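So the chains spell out like this:
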Amino acid sequence: MMPDGILNLDKPRGPTSHDVIDRVRELTGVRRVGHAGTLDPLATGVLLVCIGKATRASEYLMAGSKAYRARVRLGVTTDTYDAEGQVVAFASVDPIEVGRAQVEAALTRFRGVIEQVPPMYSALKHEGKPLHRLARRGVEVKREPRRVEISRLELTEWEPPECTLEVTCSSGTYVRALAHDLGQALGCGAHLAGLVRLASGGFRLEDAVTLDAFARAAAKGLWADLLHSIDAALARFPALHLDADDARRLCSGQTIASPPQSPPQGGGEAPERQGRVGQGGLARAYGPDGAFLALAAYDAASGTWRPRKVFYSPNR
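Conventions and cut-offs
Numbering of residues starts from 1 in every chain and runs along the sequence as written. Selection of residues for local features in this predicted model requires a pLDDT of at least 70, selection of side-chain atom pairs for listing and counting requires 80 or more, and totals for whole chains, interfaces and linings are taken over all residues. Only hydrogens and water are set aside when side-chain values are computed; all heavy atoms of the structure are taken into account. In this description a helix means any DSSP run of H or I spanning at least four residues, a strand means any run of E spanning at least two, and both kinds are numbered starting from the N terminus. The rule is simple: take the accessible area with a 1.4 Å probe, protein chains only, and divide by the maximum for that residue type; under 20% is buried, over 50% is exposed, in between is partly exposed. In short, Shrake-Rupley with a 1.4 Å probe defines the accessible areas, and a residue's cover is counted only from the protein chains shown. His residues and chain termini do not enter the charge count, which takes Lys and Arg as positive and Asp and Glu as negative. The atom standing in for a charge is NZ when the residue is Lys, CZ when it is Arg, CG when it is Asp and CD when it is Glu. Only heavy atoms enter the contact rule, under which two residues are in contact if any of them lie within 4.5 Å. Strand pairing follows a simple DSSP-based rule, namely that at least 2 bridges must link the two strands. Any two rings among Phe, Tyr and Trp, with Trp reduced to its six-membered ring, count as a pair given centres within 6.5 Å; such a pair is stacked if its planes are under 30 degrees apart, edge-to-face if over 60, and tilted if neither. As a reminder, the over-ring test applies to NZ of lysine and CZ of arginine, requiring each to be within 6 Å of the ring centre and within 35 degrees of the ring normal. For helices, the fitted axis covers only the stretch in contact; all axes are lines through C-alpha atoms, and the angles between them, taken along N-to-C directions, range from 0 to 180 degrees.

*Asks:* I'm lost on the overall build of the protein in this one. Help?
*Replies:* A count of helical and extended segments in the protein gives 7 helices and 19 strands. Projected onto its principal axes, the C-alpha positions of the protein cover 70 × 50 × 40 Å. A burial count over the protein gives 49% of its 316 residues as buried. Within the structure as shown, the protein displays about 15100 Å² of accessible surface, and the carbon and sulfur contribution to it stands at 48%. Charged side chains in the protein number 40 positive and 36 negative. The centres of these two groups are separated by 5 Å.

This is the structure:
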């Protein structure tokens, strides 16, 4: 069987996320490969690569929070909000008017739940057309602000005219836009000069594999040893342990009654008896041998579970 799983890759600076996917396909011979959250070419760090059936879990990986280390250059504004764009404005950075204290004060308005206007150079679409394509033609359209949450935003280094921020934020947050908006708040402009993704959900940079290391493993036929199991993408959902008959029925598309004696992994009461079944009423379903099988959805009205996504057969 072709291996399935999630590769926690440390993306190098330079290639696009799609370039990395093409390289993984080349190294593994697997065509069904995708990623769970784009990193721009200048960015490095955690890029989650989904291989085989794991591509069906990418939406749950993308929904997780992200952590970044961002280097921001004050005094220079670009059209893309990062170092790859064209400079559109220069401003002097007066150390008296724009010092560490002023930056710290300006950051307060970006913490918590905020409304963020996405950049024109983004993959978001306007009337079916990607914004970045319109931007390259010199067309700018109004973008509606989107609600995002920045749960952590700290100034960790101050080396004017540059500063380094550490950011933990919800999915959909543009760190480029954060850098740009900070510059506007300070009155001097700014752009994102460098970015490292430190974490995506529960996957962290210190555990990531470099592309070169993955290539060496692939040359030895050992690349599958570097993959995380699919249920690692679903770790925030409680576990549902099924007997052989319920496992077969669920994986065949049928609903099943709530197993009364099925504690989640790690102990505790069954998910439905905790008063919470997991985000969206979902749980990870495991067979009697402990093998992960599916993502199941709970129907409180009928007290039954139905398959949301089946990944494996109980008889694999």
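*Asks:* Looking at this structure, how should I read the side chain of Arg25?
*Replies:* Summarising the element assignment, Arg25 is placed in helix H1 (residues 17-28). The class for Arg25 is buried, based on a relative accessible area of 17%. Among residues more than four places away in sequence, those in contact with Arg25 are His18, Val30, Arg31 and Val33.

*Asks:* Got a minute to help me understand the pairing of strand S11 (residues 162-169) in this structure?
*Replies:* Side-chain direction in a regular strand flips from residue to residue, so the side chains alternate between the two faces of the sheet. The element S11 is extensively covered by neighbouring structure, given that 6 of its 8 residues are classed as buried. Note that strand S4 (residues 66-74) and S11 share 8 bridges and pair antiparallel. Each residue of the ladder has a partner; that of Ala70, found in S11, is Leu165. With 8 bridges joining them, strand S10 (residues 146-159) and S11 adopt antiparallel strand pairing. Pairing of Arg152 across the sheet is with Thr168, part of S11. The turn linking S10 back onto S11 is made up of 2 residues.

*Asks:* What is the right way to read the packing of aromatic side chains from this model?
*Replies:* For any pair of aromatic rings, the description rests on two quantities: the centre-to-centre distance and the angle between the ring planes. Throughout the structure, instances matching the rule amount to 5 aromatic pairs. Between the aromatic rings of Phe214 and Trp223, the centroid separation amounts to 6.4 Å while the plane-to-plane angle is 65 degrees, which identifies the pairing as edge-to-face. Residues Phe214 and Trp223 agree in their burial class; the two are buried. Where Phe292 meets Phe311, the ring centres are 5.5 Å apart and the plane angle is 40 degrees; that geometry is what we call tilted. Of this pair, Phe292 sits in strand S18 (residues 292-299) while Phe311 sits in the segment after strand S19 (304-310), and the two are 19 residues apart along the sequence. Across this residue pair, the class does not change: Phe292 and Phe311 are buried. A network of ring pairs unites the aromatic residues Tyr286, Phe292 and Phe311 as a single cluster. We note Arg56 situated over the ring of Phe311; from NZ or CZ to the ring centre the distance is 5.2 Å.

*Asks:* Would you explain the sheet that holds strand S16 (residues 256-257) in this entry?
*Replies:* Backbone-to-backbone hydrogen bonds pair the strands of a sheet. The strands run either parallel or antiparallel. What the 5 strands build is an open sheet, ordered S15-S17-S18-S19-S16; its pairing is mixed. A strand with exactly one partner marks an edge of an open sheet, and here the two such strands are strand S15 (239-241) and S16. Pairing of strand S17 (residues 282-286) with S18, which is carried by 5 bridges, proceeds in the antiparallel orientation. Considered in S18, the bridge of Arg284 is made with Leu295. Sheet contacts for helix H7 (residues 244-251): S16, S17, S18 and S19; angle to S19, the most-contacted strand, approximately 60 degrees.

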